[in-house]
Amino acid sequence: MMIQSLDYFASLVQQDDSIPLFEAALSIAQDADPYLDLAAVQAEVDTFAARLQKRLAPDASSIQKLRMLNHYFYQELGFAGNVNNYYDPDNSYLHRVIHTRRGIPISLAVIYMEMAQQVGLNVKGISFPGHFLMKLSVQSGDVVLDPFNGISLSREDLEERLEPFTRNQAYPATLPIGAYLHAAHPRDILVRMLRNLKMLFTEQQRWQHLLGVQQRLVILLPGEVTERRDRGLAYAHLDAPREALDDLEAYIDERPHASDTEDLRRRLPGLRDALRRLQ
């Protein structure tokens with residue numbers, strides 16, 4: 001089942017200019033629920049959007065539509081940030097977010113943006129440091145929203161949120177705030193969702209779950225050999241020495257002078273011994 005779901009995911013993210021974000025993000029949940037009915041979840045969101053569409057006047061402005069979507073999404077449907085259990089992996093699986101109405105900023109944003117698109121609003125995601133945001137470009141400028149609660153953020157709010165990151169020099173302090181507000185590409189949004197899960201599963205040492213995440217990251221980022229390295233380490237934890245060797249040797253070949261290469265080289269003999277024992 002996993003291979004089929006990975007093939008499906010690979011087909012969705014193949015063309016950079018036509019990635020269906022909601023569908024691809026939803027399919028990540030097949031790692032948690034292999035028999036998930038993706039079409040049923042999509043139909044549920046389509047129904048939400050259709051209900052809202054009926055309420056919108058034909059000549060409603062973008063701002064009017066946005067206000068109505070905000071009220072509908074957060075007040076009526078009851079979506080909100082999962083403040084009580086922020087680090088639960090379920091917050092990254094869209095079908096579970098739709099069921100519980102609780103998620104993290106990026107998962108809430110993906111659902112919100114799908115509904116926005118269906119009612120004619122081109123809401124985009126923003127890979128802001130620390131907290132994923134959304135924006136709608138209107139004649140007077142950009143309306144920037146916090147997906148956690150739908151609140152509109154001022155320039156001062158954004159500068160305040162950015163300050164800890166520039167203070168710690170994780171991001172350049174010299175860049176204007178607008179440099180952090182570019183629309184995120186669907187591929188980058190999917191990577192950010194998966195890396196959230198990667199961090200959780202690594203900390204929890206849930207290697208099988210981590211492997212599923214790494215399989216998808218390797219598909220999304222075929223040129224990033226570090227993702228192959230991390231998939232190889234997941235395979236090593238799962239006693240799959242052949243697959244681990246393939247990935248770790250590929251990384252060592254491409255990055256012979258990387259800071260972790262010597263440590264990885266020292267792991268290879270043990271993996272080769274394990275492979276011989278399996279044969």
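Residues numbered from 1 in each chain as written. Predicted model: local features only at pLDDT ≥ 70, side-chain atom pairs only at ≥ 80, totals over all residues. Heavy atoms only, no water.

S.K.: Tell me about the sheet that holds strand E5 (residues 141–145), and please be specific about residues and values.
M.R.: Taken in spatial order, the three strands line up as E3-E4-E5 in an open sheet, and their pairing is antiparallel. Because the sheet does not close on itself, it has two edges, and the strands there are strand E3 (124–126) and E5. Neighbour-to-neighbour, the strand axes of this sheet turn through a mean angle of 35 degrees, independent of strand direction. By the bridge criterion, five bridges tie strand E4 (residues 133–138) to E5 in an arrangement that is antiparallel. When the bridges of E5 are listed, Val138 appears paired with Gly141. Its contacts with the sheet place helix H6 (residues 105–118) against E3, E4 and E5, and it is angled at close to 30 degrees to E4. (Pairing = 2+ DSSP bridges. Helix = DSSP H or I, 4+ residues; strand = E, 2+ residues; numbered from the N terminus. Axes fitted to C-alpha atoms, helices over the stretch in contact; angles between N-to-C directions. Contact = heavy atoms within 4.5 Å.)

S.K.: Please provide a residue-by-residue account of the packing of aromatic side chains, values included.
M.R.: What characterises a pair of aromatic rings is the spacing of the ring centres plus the angle enclosed by the ring planes. Scanning the model with the defined rule gives seven aromatic pairs in all. Aromatic pair Tyr74 and Tyr112: ring centres 6.0 Å apart, planes at 35 degrees, arrangement tilted. You can see Tyr74 sitting in helix H4 (residues 62–76) and its partner Tyr112 sitting in helix H6, a full 38 residues away along the chain. Considered together, Tyr74 and Tyr112 belong to a single accessibility category, that of buried residues. (Phe/Tyr/Trp six-rings, centres within 6.5 Å; stacked < 30°, edge-to-face > 60°. Buried < 20%, exposed > 50% of the residue type's maximum accessible area, 1.4 Å probe, protein only.)

S.K.: So what's going on with the pairing of E4? Which residues, and what values?
M.R.: Within E4, five of the six residues are buried, leaving the element largely enclosed by the surrounding structure. Two strands pair when backbone bridges link them, and E3 and E4 are joined in this way by three bridges, in the antiparallel orientation. Residue pairing for E4: Ile126 is matched across the bridge by Leu133. Linking E3 to E4, which pair antiparallel, is a turn of six residues; within it Gly130 sits at a positive phi near 80 degrees.

S.K.: Report on helix H9 (residues 207–220), specifying residues and quantitative values.
M.R.: Look at H9: 20 Å from first C-alpha to last across 14 residues, which is about the 20 Å you get at 1.5 Å a residue. Burial analysis of H9 places eleven of its 14 residues in the buried class, which makes it a mostly covered element. Taken together, the buried positions of H9 are Trp207, Leu210, Leu211, Gly212, Val213, Gln214, Gln215, Arg216, Leu217, Val218 and Leu220. (Expected span 1.5 Å × (residues − 1).)

S.K.: Which residues make up unusual backbone geometry, and what values go with them?
M.R.: A positive phi angle is found at Arg101, which is not glycine, with a value near 65 degrees. Inspection of the secondary structure puts Arg101 in the loop between helix H5 (94–100) and strand E2 (102–103). Notably, Gln205 is not glycine yet its phi reads approximately 55 degrees, a positive angle. The residue Gln205 is located in the loop between helix H8 (186–204) and H9 in this model.

S.K.: Go over the environment of Pro34 with me, naming the residues and quoting the values.
M.R.: Note on placement: Pro34 falls in the loop between helix H2 (21–27) and helix H3 (38–55). Considering only alpha carbons, one finds Pro34 and Phe128, 94 residues apart in sequence, at a separation of 31 Å.

S.K.: Please set out H4 residue by residue, giving values where relevant.
M.R.: Between the first and last C-alpha of H4 there are 20 Å, a value that for 15 residues agrees with the 21 Å anticipated at 1.5 Å per step. For H4, the full list of buried residues reads Lys65, Leu66, Leu69, Asn70, Tyr72, Phe73 and Tyr74. As for H4, its buried residues are in contact with H3, H6, E4 and E5. Directly beyond the C-terminal end of H4, a positive phi value near 85 degrees is found at Gly78.

S.K.: How would you sum up the side chain of Asn70? Please name residues and give values.
M.R.: Its location among the elements puts Asn70 in helix H4. Overall, the relative accessible area of 17% leaves Asn70 in the buried class. Here the side chain of Asn70 touches Gly150 through a polar contact of 2.8 Å, landing on its backbone oxygen. The residues touching Asn70, leaving out its near neighbours within four places in the chain, are Gln75, Tyr112, Leu145 and Gly150. (Polar contact = N/O pair within 3.5 Å; in protein donor to acceptor, adjacent residues only side chain to side chain.)

S.K.: Would you mind going over the packing of H8 against H9 in detail, with residue names and values included?
M.R.: Close contact between H8 and H9 brings their axes to 9 Å; oriented N to C, the two are set at 155 degrees. Judged on the interaxial angle alone, H9 and H8 are roughly antiparallel. The chirality of how H8 crosses H9 is left-handed. For the pair H8 and H9, contact is made by Arg187, Leu190, Val191, Leu194, Arg195, Leu197, Lys198, Phe201 and Thr202 and by Trp207, His209, Leu210, Val213, Gln214, Arg216, Leu217, Ile219 and Leu220, respectively. Among the residues forming the contact of H8 with H9, the class breakdown is eleven nonpolar, three polar and four charged. (Parallel < 35°, antiparallel > 145°, perpendicular 65-115°, else oblique. Left-handed = near helix turned anticlockwise from the far one by under 90°. Nonpolar A, V, L, I, M, F, W, Y, C, P; charged D, E, K, R; others polar.)

S.K.: Provide a residue-level description of the packing of H3 against H4, including the pertinent values.
M.R.: The packing of two helices is summarised by the inter-axis angle and the distance between the axes. At their nearest, the axes of H3 and H4 sit 10 Å apart, and the two run at 135 degrees to each other. Taken together, the axes of H3 and H4 lie oblique to each other. The element H3 and its partner H4 pack so that their crossing is right-handed. Contacts from Phe48, Arg51, Leu52 and Arg55 in H3 reach Met68, Leu69, Tyr72 and Glu76 in H4. Tallied by class, residues from the contact of H3 with H4 come to five nonpolar, no polar and three charged.

Any functional reading would require information beyond the geometric quantities listed.
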